[in-house]
Each structure stands twice: as C-alpha cells, then as structure tokens.
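Structural features, examined
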Amino acid sequence: MKISEILNPNRVSFSLEVFPPKIGSEIDKMDDILDSLAELHPDFISVTCGASGSTARTTPAVCQKILDRGMTPLAHMTCVSASREGIADCANQLHDMGVENILALRGDIPEVPVVSDSERYTYASDLVAALMEDGRFCVGGACYPDGHIEAANKDSDLDALKIKADAGCSFLTTQMFFDNDVLYSFMYRALRKDIRVPILAGIMPATNARQFARSCQLSGTAMPPRLRSILDKFGDNPAAMRQAAIVYASEQIIDLVANGVQGIHLYTMNRPSIAAAILKNVKSVLGR
C-alpha cells in the first residue's frame, strides 16, 4: 500500500525505522527484529540505506522481509553516490518486488567522487522528480526542524524543502529533534512557505548517551537543557539511561499528539524492546 493512502488527517500514523546489516553480514539477523516489530502493528516500516549508501544492496532484501510479513515497507534511496542508471535499476528492482514507497535522499557527499556530476542526481529534489515521472511510487522526503547542517540559514533550508515538496513528495519525515517547540516553529514556518504535505515527527530514544551526543553534534540537532541533564546524570548507567530515554520519548509523543501532529515515526535503532516500551506508554494516546 502507498503511504499516501495510509496517512489520514483523522488518525495519528505510527511508523518505525530499521537499518539493514552491512554488506557481507547475515541478512537473516533481521528476522527476529522484524518479527518483534510486526507485533507493534506499525503503519509502515522504513529501511535505511546507510551512510553513503553503504547498505543499498541489503535494503531491498529487508524490504522483502517486511513484505513477507504483510507489512508496508518504505525504502530509503540516496542519489549523490549513485548513477542515474543505477537509480533506475534499483527502482525497477523495488517495483518488481512490490515496494510502492521510496524516501528520496541526497545522501552523504563522499570525500572521493564515486560517479561524475553528469551521471548523478545532485539534490534530493532531482531524485524525487525522477521517481515521480512514471507514477509507480509514493515518494517521501526528509526535513530538518533544526535546519540542515549545510544550509546557510533556516529560511534557505525551507526554500530548498519547498522545491522538494513541489517536485512530488507526498509526505516528509523529520530528522530527530528533542524540543517539541522547535518542531512547532518549523511546521509554522513551513506553512508560511506553502509547504502543505503531511510532516511525520521523527522520534529518537536517547538510550546511549555517548552515541547520542555524537549524533547531535554531526547533525546539528539542538539538545535541550532537560535532556542534557538526563544524559549527564544517567549516561554511565545503561539501565537508568534506557528508562529515562523511554520516558522522554513517550512524553514527547504525548505532547506532539496533543498539539495536533498527525504522524509519529520512531527510530528504533533495531531495538524492538525500546519501541515496544514506548508504544506501551502511548498506545491509547495514539488511538491504537
């Protein structure tokens, strides 16, 4: 099913994200993870393709496992390190498998060019437009409540997002954020730019203090004082950090739904028990 058919202004969608094993790893390691996530009955599960497309060859295999379990997959696709011909081949493969949804991303720019500028799509908006040409896919895009780290400012970042939305995105999924007011401000400014496609709120449980702080630094995501205090206090206590992260994410979701956000997208980091604990806290809030 296409995600555009799933999203409904009269209900809150709940989706999950997983990452596939690196090339050469056992793809069957995903079976237990997906079996556990299936018990949460998500509206769809997105599958990343790794830094610089490093797991692009295993992403379709994980999508197939999601399809085999009767769930809807969303395949991530990056373009900056792939040729246009390679993108077309991958799209054909996904379509033949029965995948109907693609999240179009630029991807990390490689230090050493993999393909020439003339052979690749430069921006995610270019990829969106290419995927929309024949109408086979529902195409989504990413957005950044704190602003993309490479953008000159938040306004220019929204100008680029407007181009991407107008190219044919049916929905947008946010980068992780930890201050809901940042999202509300972003959504208001997006409306002023006439960006009116559904925006799904990406929630990342901060279960590992060290990795989490590093991710925030690399992505330019702001860390509110309340969360920083949690990391400082419980960062060296894994059990306490896990519990605090579950509560923090749950409280974020409750506030988001109370303020009218229509989609929650949970970054699972391939840890179904964390996702299950969060859903248990907010199941009724989500209307599930």
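Residues numbered from 1 in each chain as written. Predicted model: local features only at pLDDT ≥ 70, side-chain atom pairs only at ≥ 80, totals over all residues. Heavy atoms only, no water.

**Observations regarding the overall build of the protein**
Scanning the protein for helices and strands turns up eleven helices and eight strands. Viewed in the frame of its principal axes, the protein has a C-alpha envelope of about 50 × 45 × 40 Å. Counting every position in the protein, which comprises 288 residues, the buried fraction comes to 50%. Summed over all atoms, the accessible surface of the protein reaches about 13,700 Å², with 50% contributed by carbon and sulfur. Taken as two groups, the 28 positive and 34 negative side-chain charges of the protein have centres that lie 6 Å from each other. (Helix = DSSP H or I, 4+ residues; strand = E, 2+ residues; numbered from the N terminus. Buried < 20%, exposed > 50% of the residue type's maximum accessible area, 1.4 Å probe, protein only. Areas by Shrake-Rupley, 256 points an atom, 1.4 Å probe, with all protein chains shown as cover. Lys, Arg positive; Asp, Glu negative; His and termini not counted. Charge placed at Lys NZ, Arg CZ, Asp CG, Glu CD.)

**Overview of unusual backbone geometry**
Phi is positive for Met 269, which is not a glycine, with a value near 55°. As for its position among the elements, Met 269 is in the loop between β8 (263-267) and α11 (272-282). With a phi angle near 60°, Asn 270 is a residue other than glycine that sits in the positive phi range. Turning to its location among the elements, Asn 270 is positioned in the loop between β8 and α11.

**Topic: the sheet that holds β8**
Reading around the circumference, β1-β2-β3-β4-β5-β6-β7-β8 is the order of the eight strands in this closed barrel, with parallel pairing throughout. Each adjacent strand pair in this sheet contributes to an overall mean axis angle of 30°, direction not counted. As paired strands, strand β5 (residues 138-143) and strand β6 (residues 171-174) are joined by four bridges and run parallel to one another. The residue bridging Gly 141 from the neighbouring strand is Leu 172, located in β6. Contacts between helix α3 (residues 59-68) and the sheet are confined to β1 (13-18), β2 (45-47) and β3 (73-78), with β3 contributing the most and set at about 170° to the helix. (Pairing = 2+ DSSP bridges. Axes fitted to C-alpha atoms, helices over the stretch in contact; angles between N-to-C directions. Contact = heavy atoms within 4.5 Å.)

**Concerning the nonpolar core**
Ile 264 and Leu 286 are the most contacted members of the largest nonpolar core, which totals 60 residues. Ignoring sequence-local partners within four residues, the contact set of Leu 286 consists of Val 12, Phe 14, Ile 253, Val 257, Ile 264 and Leu 279. Met 176, Ala 209, Ile 230 and Leu 231 belong to the second-largest nonpolar core, a separate cluster that totals 15 residues. (Core = buried A, V, L, I, M, F, W, Y, C linked by side-chain atoms within 4.5 Å.)

**Concerning the packing of helix α6 (residues 154-166) against helix α7 (residues 180-192)**
Relative orientation of the contacting elements α6 and α7 amounts to 60°, with a least axis distance of 10 Å. It follows from the interaxial angle that α6 and α7 lie oblique. Judged by the sense of rotation from one axis to the other, the crossing of α6 with α7 is right-handed. Mapping the contact onto sequence places Lys 154, Leu 158 and Leu 161 in α6 and Phe 186, Arg 189 and Ala 190 in α7. Among the residues forming the contact of α6 with α7, the class breakdown is four nonpolar, no polar and two charged. (Parallel < 35°, antiparallel > 145°, perpendicular 65-115°, else oblique. Left-handed = near helix turned anticlockwise from the far one by under 90°. Nonpolar A, V, L, I, M, F, W, Y, C, P; charged D, E, K, R; others polar.)

**Examining the packing of aromatic side chains**
Aromatic ring pairs are described here by two measures, namely the spacing of the ring centres and the angle between the planes. Under the defined criterion, the tally for this structure stands at two aromatic pairs. With a centroid separation of 6.4 Å and 50° between ring planes, the pair formed by Phe 44 and Phe 171 is classed as tilted. Of this pair, Phe 44 sits in the loop between α2 (30-38) and β2 while Phe 171 sits in strand β6; the two residues are 127 residues apart in sequence, bridging distant segments of the chain. A single burial state applies to Phe 44 and to Phe 171, both of which are buried. Taking the centre distance of 4.7 Å and the plane angle of 80° together, the rings of Phe 178 and Phe 212 count as edge-to-face. You can see Phe 178 sitting in the loop between β6 and α7 and its partner Phe 212 sitting in helix α8 (residues 209-219), a full 34 residues away along the chain. (Phe/Tyr/Trp six-rings, centres within 6.5 Å; stacked < 30°, edge-to-face > 60°.)

**With respect to the pattern of salt bridges**
When the charged atoms of two side chains with opposite charge come close together, those side chains can pair. If you walk through the whole model with that rule in mind, you get 14 salt bridges. The partner of Asp 134 in a salt bridge is Arg 136, with the nearest N and O atoms 2.8 Å apart. For Asp 134, a relative accessible area of 48% translates into the label partly exposed. Judged by its relative accessible area of 24%, Arg 136 falls in the partly exposed class. For the salt bridge of Lys 193 with Asp 155, the shortest nitrogen-to-oxygen distance reads 3.1 Å. Here Lys 193 is found in the loop between α7 and β7 (199-203), whereas its partner Asp 155 is found in helix α6, with 38 residues between them in sequence. Residue classification places Lys 193 among the partly exposed positions, given a relative accessible area of 23%. With a relative accessible area of 43%, Asp 155 lands in the partly exposed category. Three or more residues are tied together by salt bridges with common partners; here these are Asp 28, Asp 31, Asp 35, Lys 65 and Arg 69. (Salt bridge = Lys/Arg side-chain N within 4 Å of Asp/Glu carboxyl O.)

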